Amino acid sequence: SCLPALQRRCHIARKRLSGTGLAVEGRVLRAVLYVYHSRLLRHRSYLAMQQVEQCLKRLWKMNLVGSIETLAELIPKKNTSQAHSERLVPSQPMLETVALKVLGGCKLILRLLDCCCKAFLLSVKHLCSEEFILLNTVASGLLSRLWFVVQYRCVLQSLASLYSTLLTPLQLVSETQQMPYIKGFTFPSDISHFLGVNISSKVKKQKARMLTTKKPTSWLKKLVPAMPEVASEVGKQRFATCTSTVENGGVPCLMDIGEPVL
């Protein structure tokens, strides 16, 4: 009875992990690091961005998406003729492997969010000092986008929900026929204890730190001129339209509410 719920969680986690947002932001990050490698090899913002890149590399190399897809394919689809008959289920080694990868993926994404927050704060700090303006402007925008892509798509929350759902069939299968594959490790019943932090409170604290950071508005206004009154009114109208659409239960409007700068 718990297998259909597990299949749904696998589908949600796979969809959110394999989205284009993480892949695109990762490629842009690698391109920025490649361009500034020879110039800012010992720069603090550059080193912090390298840590973000390492987290993304490890996340792709662990092939978490492939493991979740394999588990979802092993779960048989419910058929009316087989509703009350015996069906094959994933083995204990398969369930243990995916559960362990999900735990590692949660740890890695939590580390990724920490590195993004740290690198963003360093970039803004150097912007306030008017150092390496071009790099830090690009880096602060890129890191904030990457952080919000991970948070907006609820990647960490979907993996935590997948682990909670996965734990029930793992216990049932291990009780039926014990075939332990991972020895010397006890799977935690609560993923928050394993991570050491509460996911929602941790993300809220990071968001508060990023939003309350001192912004370099004094000289940034000189680089980006003020928007004309006509353009600002159009932007306000579009923003009001977007807000009303979301409040009415429609699909969130993801259009750009700004105007292009000539």
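Being a predicted model, the structure only gives us computed values, none of them experimental.

Undergrad: Where do I start with the environment of Leu-22 in this structure?
TA: In this fold, Leu-22 is placed in helix H2 (residues 20-35). Setting aside chain neighbours within four positions, we find Leu-22 in contact with Leu-17, Trp-60, Leu-146, Val-149 and Val-150.

Undergrad: Help me understand H2, please; the structure alone is not making it clear to me.
TA: Each α-helix winds once per 3.6 residues, and so residues spaced three or four apart point in a common direction. Under the 1.5 Å per step criterion, the end-to-end length of H2 is 23 Å for 16 residues, consistent within 8% with the ideal 22 Å. Every buried residue belonging to H2 is among Leu-22, Glu-25, Gly-26, Leu-29, Val-32 and Leu-33, and all of these are buried. Projected down its long axis, H2 carries its buried residues within an arc of 125°, all on one side. Relative to its buried face, H2 has exposed residues pointing more than 90 degrees away, namely Thr-20, Tyr-34 and Val-35.

Undergrad: Which parts of the structure should I look at to understand the layout of surface pockets?
TA: Where empty space is left in the structure can be found by rolling a water-sized probe over the atoms. Considering only enclosed or pocket space, the largest pocket measures out at about 420 Å³ in volume. Around the largest pocket sit 16 residues that line it, and Leu-3, Arg-87, Val-89, Leu-172 and Val-173 are the ones nearest its centre. Of all elements in the fold, only helix H5 (92-128) and helix H7 (155-176) reach the threshold of two or more residues within the lining of the largest pocket. For the lining of the largest pocket, the leading source of residues is H7, giving four residues. Residues of the lining of the largest pocket, tallied by class, amount to nine nonpolar, six polar and one charged.

About the thresholds
- Residues numbered from 1 in each chain as written.
- Predicted model: local features only at pLDDT ≥ 70, side-chain atom pairs only at ≥ 80, totals over all residues.
- Heavy atoms only, no water.
- Helix = DSSP H or I, 4+ residues; strand = E, 2+ residues; numbered from the N terminus.
- Contact = heavy atoms within 4.5 Å.
- Expected span 1.5 Å × (residues − 1).
- Buried < 20%, exposed > 50% of the residue type's maximum accessible area, 1.4 Å probe, protein only.
- Arc of directions from axis to C-beta.
- 1 Å grid on protein atoms, 1.4 Å probe; cavity = no way out; pocket = protein on both sides within 12 Å on 5 of 7 lines; lining within 4 Å.
- Points joined across faces, edges and corners; volume = space filled by probe spheres on them.
- Nonpolar A, V, L, I, M, F, W, Y, C, P; charged D, E, K, R; others polar.

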